[in-house]
Amino acid sequence: FKIFSSTVVAGKITLKIGMILSDADQLIHPTVAGAGKLLAIVAAGGRALIASRKGRLEAESHMSGIEFRHLPLDTKNPLQIYKNSALLQKLIIKENVDIVHVRSRAPAWSAYLATQSLGIPFVTTYHAAYSSQTIFKTFYNSVMAKGDRIIAISQFIKDHLIRKYSKFSWFDPSKIRLIPRGI
């Protein structure tokens, strides 16, 4: 995975990672889920930035060096998604974010549009075999399979991704990385 515009400080790579969530409560706890990755980035000398609506776990994560920026990203409204995309583009530029990581579909659409516009890496974590009975739901879910890297949390999810999206020309199964949950 190529890292773009990172800076080297005292022999270390210092990354600025942006995690996009619908709300800060998706972090669950700093030792579980996305917060664990962010804490590792901070511990290694990087900078972790979360864009989300406010959540009750925000204060706890703040003490760990994770930074927050509040945006109303928990929407499926197409007009708000485009508005949020513009807000994210400004935030990404202002904060000099190197990589954007998303964990849920609603904010992923805004992040996808912003990263495509700016040409920075878009990483997704695919957590579940989302139901998709209609073409509209398949399209909505597809954003999680459009990452420059796609993290599958289990072999089942990886197999699901390949089965579900291999028929689409934009899908590249070589972008999937299996990282079991909790590791």
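Since this is a predicted model, take the numbers as computed values, not measurements.

Caption draft 1: Molecular detail of the packing of helix 3 (residues 78-95) against helix 4 (residues 105-118). The geometry of helix 3 relative to helix 4 is characterised by a closest axis approach of 8 Å and an angle of 50° between their N-to-C directions. Looking at the two axes, helix 3 sits oblique to helix 4. Of the two elements, helix 3 crosses helix 4, and the hand of that crossing is right-handed. Here I81, Y82, N84, S85, L88, Q89, I92 and I93 of helix 3 lie close against helix 4, whose contacting residues are W109, S110, A111, L113, A114, S117 and L118.

Caption draft 2: View of the packing of aromatic side chains. A complete count under the given rule lists 10 aromatic pairs for this structure. When the ring of W109 is compared with that of Y112, the centres are 6.0 Å apart and the planes differ by 85°; the resulting orientation is edge-to-face. Here Y112 and W109 lie together in helix 4, a separation of three residues that amounts to about one turn. For the pair formed by W109 and Y112, the shared burial category is buried. Taking the ring centre of Y130 as reference, the NZ or CZ of R105 above it sits at 4.0 Å.

Caption draft 3: Examining the pairing of strand 7 (residues 122-126) more closely. Across the five residues of strand 7, five count as buried, placing the element largely inside the fold. Burial of the side chains of strand 7 extends over both faces: F122, T124 and Y126 are buried on one face and V123 and T125 on the other. Both strand 6 (residues 99-102) and strand 7 contribute to a ladder of three bridges, which runs parallel. Bridge pairing in strand 7 links H101 to V123. As a crossover connection, the stretch from strand 6 through helix 4 into strand 7 is right-handed. Here strand 7 runs beside strand 8 (residues 149-152); their pairing, made up of four bridges, is parallel. For T125, the partnering residue across the bridge sits in strand 8 and is I151. You can see the chain leave strand 7, run along helix 5 (residues 135-142) and come back into strand 8, and the turn it takes is right-handed.

Caption draft 4: Structural context of helix 6 (residues 155-165). Listed as buried for helix 6 are I157, H160, L161, K164 and Y165. One side of helix 6 holds all its buried residues, which, seen down the axis, span an arc of 100°. Exposed residues pointing more than 90 degrees away from the buried face of helix 6 are listed as F156 and R163. Buried residues along helix 6 sit in contact with strand 7, helix 5, strand 8 and strand 9 (176-178).

Caption draft 5: Examining the side chain of K164 more closely. As for its position among the elements, K164 is in helix 6. D159 provides the closest opposite charge to the buried, unpaired K164, separated from it by 15 Å. Of note is the side chain of K164, whose polar atom sits 2.6 Å from the side chain of S132. The contacts of K164, once residues within four sequence positions are left out, are S132 and T138.

What counts as what
Residues numbered from 1 in each chain as written. Predicted model: local features only at pLDDT ≥ 70, side-chain atom pairs only at ≥ 80, totals over all residues. Heavy atoms only, no water. Axes fitted to C-alpha atoms, helices over the stretch in contact; angles between N-to-C directions. Helix = DSSP H or I, 4+ residues; strand = E, 2+ residues; numbered from the N terminus. Parallel < 35°, antiparallel > 145°, perpendicular 65-115°, else oblique. Left-handed = near helix turned anticlockwise from the far one by under 90°. Contact = heavy atoms within 4.5 Å. Phe/Tyr/Trp six-rings, centres within 6.5 Å; stacked < 30°, edge-to-face > 60°. Buried < 20%, exposed > 50% of the residue type's maximum accessible area, 1.4 Å probe, protein only. Lys NZ or Arg CZ within 6 Å of the ring centre and 35° of its normal. Pairing = 2+ DSSP bridges. Right-handed = clockwise from strand over helix to strand, strands pointing away. Arc of directions from axis to C-beta. Lys, Arg positive; Asp, Glu negative; His and termini not counted. Salt bridge = Lys/Arg side-chain N within 4 Å of Asp/Glu carboxyl O. Polar contact = N/O pair within 3.5 Å; in protein donor to acceptor, adjacent residues only side chain to side chain.

None of this, on its own, says anything about what the molecule does.
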